[in-house]
Amino acid sequence: MSSKGIIIAAPSSGAGKTTVTLGLIRALKNRGLNVQPLKSGPDYIDPAFHKIAAGKPSYNIDAWSMSDDMISTHIDYGQDADLIIAEGAMGLFDGGAKSHYGRTGAVSEISSMTGWPIVLVMNVASQAQSAAAIAEGFSNFDPSVNIAGIILNQVASDRHERLIREAISARGIKILGTLRRNADLLLPSRHLGLVQAQEVSDLDDVIEDLAAFIGANVDLDEIIAIARPSQLKSDKPILTPPPAQRIAIAQDAAFSFLYPHHIKAWKTQGAELIQFSPLADEAPNMNADLVWLPGGYPELYGGQLASANRFKSGMQNFAKEKPIHGECGGYMALGEAIIDKAGERHEMLGLLKLVTSFEKRKFNLGYRRADFDTPLFPSLSTSLHGHEFHYSSILKHEDEPLAKVYDARETLLNLGGSRMGNVTGTYFHMIGEIR
């Protein structure tokens, strides 16, 4: 029997889902429960916070880019847990155009597929009885989605709470907790969302404070009681194939966006992952078969990367004989230069004829399908599902395009990546795979 689970969702982004999720995970862990975190949707940053709160990796489940079998595989990583807590992205019913799996990527689809109930976090800072209309609308919008209860966030006073409680309770909707406004419990953020977990020096203490706050104001016993086993079953585990046997992976504050389910899948299939830090001016292991530069925030460390000579020479020597691939931030670092938001140019690896800039930010976000004439790596399909999430723009692009990249509505985009010799890169982040 699979572990029981719940989903933390909200009417919109910014309601406090991550704060509630982190506090719940740690509060229940402090009770002695084995909690498995998951993240619904494409997101690197939240799972890193989940890992600190739970003491174990958090895995992504995504209705748009993943098959039922792959989603079930990731859920089964928590089969020995006492409780699975999945944090949703955006609003509960928000998604894109349907993928070839017939889904939009909305958190509600994960709820319908698994049967996991929704705990809806509502930011009620600027409303009173009107919160009941939102709660009732969400409860009745889709009969396949069970809104098991509400957590009220940003409540201002006893009177404010009483007005909302009376209105929501009159609709027969359960209130699981009430969180007063608390500026001391806000997590720092930047343009892609929260800052990275590794950048918050006292993060464990912050999460302990969140756990105490949530434990004192949310009915933890009721949270446990409403959880349900997943209805999604599969006897066919789906693991992303490793792109090579020995993979040198950049891992530090500039390059950290690599999905935990890829890491687990690659290791499970026998791949060796060798970490190195460009910010520490480390070169990749020359005995590796492939270098992988993940996404991240290289623009914040432009000067440091520009002066990392051992890293640069090691990468340039590696590229003469073996493949290098970069995703998003890693792609930008493979180019000639990155221009930061202040307009300062930082010289990068020069392995691609590419210059990117943050001086005039342009938001690029959405699900993507990337089609390759031949597989990016022999083990991968010629058609991959993923997403794009960045603010940089391309000022110079003179390399051979790597792939044809389409958005969720099958519109061909101009950001098809780059290929020059053994070096490839793209803004596209692989999350699921089409076989």
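As a reminder, the structure under discussion sits directly above these lines.
The numbers attached to residues start from 1 for each chain and follow its sequence in the written order. For this predicted model, a pLDDT threshold of at least 70 governs which residues receive local features, and a threshold of 80 or more governs which side-chain atom pairs are given and counted, while totals over whole chains, interfaces and linings are taken from all residues. To obtain the side-chain values, all non-hydrogen atoms of the structure were used and water was disregarded.

Visitor: Describe the overall build of the protein chain, naming the residues involved and giving the relevant values.
Guide: Assigned secondary structure in the protein chain consists of 12 helices and 26 strands. We take the radius of gyration over the C-alpha atoms and set the globule estimate at 2.2 Å times the residue count to the 0.38 power. In terms of overall size, the protein chain behaves like a compact globule, its C-alpha atoms giving a radius of gyration of 22 Å where 435 residues would be expected to give roughly 22 Å. Considered along the principal axes of its C-alpha atoms, the protein chain spans approximately 70 × 45 × 40 Å. A burial count over the protein chain gives 58% of its 435 residues as buried. Every residue pair with non-hydrogen atoms within 4.5 Å of one another is taken to be in contact. If you take every contact in the protein chain between residues at least 6 apart in sequence, the share linking residues at least 24 apart comes to 75%. As presented, the protein chain carries roughly 17,300 Å² of accessible surface, and 47% of it is formed by carbon and sulfur atoms. Only four residue types enter the charge count: Lys and Arg as positive, Asp and Glu as negative, with His and the chain ends excluded. A charge is said to be at NZ when it belongs to Lys, at CZ for Arg, at CG for Asp and at CD for Glu. On the protein chain, the mean spot of the 41 positive side-chain charges and the mean spot of the 49 negative ones are 2 Å from each other. Helical segments are the DSSP runs of H or I of at least four residues, strand segments are the runs of E of at least two, and each set is numbered from the N terminus. Relative accessible area decides the class of each residue, using a 1.4 Å probe on protein chains only: under 20% of the type maximum gives buried, over 50% gives exposed, and in between gives partly exposed. Using the Shrake-Rupley algorithm and a 1.4 Å probe, accessible areas are obtained, with residue cover drawn only from the displayed protein chains.

Visitor: With reference to specific residues and values, describe unusual backbone geometry.
Guide: One non-glycine residue, aspartate 281, lies in the positive phi region at around 60°. Examined against the element boundaries, aspartate 281 turns out to sit in the loop between β13 (272–276) and β14 (290–293). Here the phi dihedral of glutamate 410 falls at roughly 65°; this positive angle occurs in a residue that is not glycine. Note on glutamate 410: relative accessible area 47%, which makes it partly exposed.

Visitor: Lay out the packing of helix α1 (residues 17–30) against helix α2 (residues 45–54) with the relevant residues and their values.
Guide: All axes are obtained by fitting lines to C-alpha atoms, using only the stretch in contact for helices, and the reported angles, taken between N-to-C directions, cover 0 to 180 degrees. Interhelical geometry of α1 versus α2 gives an angle of 20° and a closest axis separation of 8 Å. As the angle between them shows, α1 and α2 are arranged roughly parallel. Like other packed secondary-structure pairs, α1 and α2 cross with a definite hand, here right-handed. On α2, the residues that touch Thr18, Thr21, Leu22, Ile25, Arg26 and Lys29 of α1 are Asp46, Phe49, His50, Ile52, Ala53 and Ala54. Its residues assigned to classes, the contact of α1 with α2 shows six nonpolar, three polar and three charged. Roughly parallel covers angles under 35 degrees, roughly antiparallel covers those over 145, roughly perpendicular covers 65 to 115, and oblique covers all other angles. Each crossing gets its hand from how the near helix is turned against the far one by less than a right angle, where anticlockwise is left-handed and clockwise is right-handed. When residues are sorted by character, Ala, Val, Leu, Ile, Met, Phe, Trp, Tyr, Cys and Pro go into the nonpolar class, Asp, Glu, Lys and Arg into the charged class, and all the rest, Gly among them, into the polar class.

Visitor: Before we move on, can you summarise the pattern of salt bridges with the specific residues and values?
Guide: When a carboxyl oxygen of Asp or Glu lies within 4 Å of a side-chain nitrogen of Lys or Arg, that pair is called a salt bridge. Counted by the stated rule, this structure contains 18 salt bridges. Note that arginine 31 and aspartate 221 form a salt bridge whose closest N and O atoms lie 2.7 Å from each other. Placement of arginine 31 in the loop between α1 and β2 (35–40) and of aspartate 221 in helix α8 (residues 220–226) is noted, with a sequence separation of 190 residues between them. A relative accessible area of 44% places arginine 31 in the partly exposed class. When salt bridges that share partners are traced, they join Asp158, Glu161, Arg165 and Arg180 into one network.

Visitor: Describe the nonpolar core, and please don't skip the residues or the numbers.
Guide: Most often, soluble globular proteins keep nonpolar side chains buried together rather than apart. Counting residues in hydrophobic clusters, the biggest one holds 74 residues, and the most contacted among them are Leu24, Ile85, Leu92, Leu120 and Ile168. Leave out the neighbours within four places in its chain, and isoleucine 168 touches Ala131, Ala132, Ala135, Leu152, Ile173 and Ile175. Only buried Ala, Val, Leu, Ile, Met, Phe, Trp, Tyr and Cys residues count toward a nonpolar core, and they belong to the same one when joined by side-chain atoms within 4.5 Å.

Visitor: Pulling in residues and values, what's your account of the sheet that holds strand β16 (residues 324–327)?
Guide: Spatially, the six strands line up as an open sheet ordered β13-β11-β14-β16-β25-β24, and their pairing is mixed. Since the sheet does not close on itself, it has two edges, and those belong to β13 and β24 (418–420), each with one partner. Averaged over neighbouring strand pairs, the angle between their axes works out to 20° when direction is ignored. Of the strand pairs in this sheet, β14 and β16 are connected by three bridges, and their pairing is parallel. DSSP bridges decide pairing: two strands pair if at least two such bridges lie between them.

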